[in-house]
Amino acid sequence: MSSASVHKHAAILDAAYELFGSGGFYETKMSEVAERAGIAKGTVYLYFKSKEELFMAVTRRDCEGFLEQLEGKLGTCSRLADKLSVIAEHHLFYYYERKQHTKLFFRAPNNNPELVDYMAQFMEAYMQAVVKVLLEGGASEPELMAQSYIGMLDRLKMDILFNPGFAEEDADKRAKFAANLFITGALGSLNSALGDLPSE
């Protein structure tokens with residue numbers, strides 16, 4: 001792509017992200033995307049054949065950015081505790097930064113097999129990134145622990161998406177709480193807790 005094409009492509013994705021996020025997939029028109037991007041409607045269709053294809057491109061860019069940024073942040077840490085803290089902060093602040101665009105998550109196209117497939121791949125890639133951190137830290141049952149940690153963070157993110165008064169300090173508090181709970185509970189006390197269980 002020429003630099004002009006790259007610029008237009010990015011402008012379309014930026015405009016679509018804003019509109020899908022604030023209005024939802026079904027409520028957004030391609031003509032509105034074109035208007036916000038400052039280009040002709042026909043030009044949008046030169047880059048994306050349909051609104052579904054455009055939504056997929058927006059989703060891909062967002063998810064790839066999530067994983068790339070997480071990898072970069074993890075690369076600056078050496079201790080397991082620090083890496084788990086980074087994962088919690090990255091997960092929750094990702095949603096905090098998008099709290100004005102919640103319809104990107106809840107008003108997506110229904111029954112789109114390509115989107116369902118892609119999101120499954122994204123979640124698996126995310127889980128494997130967390131598994132890798134836990135394996136390197138010497139954790140037992142790294143897959144179960146990764147699923148549990150991501151599951152806990154996913155539940156905490158719901159407060160961000162549904163509470164209009166949610167503030168940055170609330171996100172920070174939850175990230176610290178989740179990391180500390182997991183580090184001291186699941187990792188620090190797991191073996192001793194299991195050892196205290198009564199035998200049959």
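Rules behind the numbers
- Residues numbered from 1 in each chain as written.
- Predicted model: local features only at pLDDT ≥ 70, side-chain atom pairs only at ≥ 80, totals over all residues.
- Heavy atoms only, no water.
- Salt bridge = Lys/Arg side-chain N within 4 Å of Asp/Glu carboxyl O.
- Helix = DSSP H or I, 4+ residues; strand = E, 2+ residues; numbered from the N terminus.
- Buried < 20%, exposed > 50% of the residue type's maximum accessible area, 1.4 Å probe, protein only.
- UniProt positions renumbered as here; feature names shortened; annotations may be inferred.
- Phe/Tyr/Trp six-rings, centres within 6.5 Å; stacked < 30°, edge-to-face > 60°.
- Lys NZ or Arg CZ within 6 Å of the ring centre and 35° of its normal.
- Expected span 1.5 Å × (residues − 1).
- Core = buried A, V, L, I, M, F, W, Y, C linked by side-chain atoms within 4.5 Å.
- Contact = heavy atoms within 4.5 Å.

Trainee: Whenever I open this one, the pattern of salt bridges confuses me. Can you help?
Mentor: Taken as a whole and judged by the stated rule, the model has 10 salt bridges. As a salt-bridge pair, Arg61 and Asp14 come within 2.8 Å of each other at their nearest N and O atoms. Note that Arg61 is positioned in helix α4 (residues 51–74) and Asp14 in helix α1 (residues 3–23), a separation of 47 residues in sequence. Measuring nitrogen to oxygen at the nearest pair gives 2.9 Å for the salt bridge that ties Asp172 to Lys176. Here the residue Asp172 and the residue Lys176 both occupy positions in helix α9 (residues 168–187), the gap between them amounting to 4 residues, near one helical turn. Judged by relative accessible area, Asp172 falls into the partly exposed class, the value being 27%.

Trainee: How should the UniProt feature "domain: HTH tetR-type" (unreviewed entry) in the protein be read in this particular structure?
Mentor: Within this numbering scheme, the UniProt entry marks residues 6–66 as carrying the feature "domain: HTH tetR-type" (unreviewed entry). Between the end C-alpha atoms of residues 6–66 there is a gap of 21 Å, over a span that is 80% helix and 0% strand.

Trainee: In this structure, what is going on with the UniProt feature "DNA-binding region" (unreviewed entry) in the protein? I would like to understand it.
Mentor: If you check UniProt for "DNA-binding region" (unreviewed entry), the listed places come out as residues 29–48 in our numbering. Each end of residues 29–48 is marked by a C-alpha atom, and these two atoms are 13 Å apart; helix forms 75% of the span and strand 0%.

Trainee: What is the right way to read the packing of aromatic side chains from this model?
Mentor: Describing an aromatic ring pair means giving the distance of the ring centres and the angle of the ring planes. Applying the stated criterion across every chain, the model contains 12 aromatic pairs. Put simply, the rings of Phe66, Tyr94, Tyr95, Phe122 and Tyr126 pair up and form one aromatic cluster. Across from the ring centre of Phe25, 4.6 Å away, lies the NZ or CZ of Lys51, which sits over that ring.

Trainee: Would you explain helix α8 (residues 142–162) in this entry?
Mentor: The periodicity of an α-helix, 3.6 residues per turn, causes residues three or four places apart in sequence to face the same way. A rise of 1.5 Å per residue sets the reference length of α8, with its 21 residues, at 30 Å; its end C-alpha atoms lie 31 Å apart and thus fit the reference within 8%. All of the buried residues along α8 are Pro142, Met145, Ala146, Tyr149, Ile150, Met152, Leu153, Leu156, Lys157, Ile160 and Leu161.

Trainee: Explanation requested: the nonpolar core in the structure shown.
Mentor: As a rule of thumb, nonpolar side chains are buried together in soluble globular proteins. Judged by nonpolar contacts, the single largest core of 62 residues is most densely connected at Leu54, Ile87 and Tyr149. Those elements that place two or more of their residues in this core are α1, α2 (30–37), α4, α5 (80–96), α7 (113–136), α8 and α9. Contact partners of Ile87, with chain neighbours within four places excluded, come to Leu70, Leu74, Tyr126, Val130, Val133, Tyr149 and Leu153.

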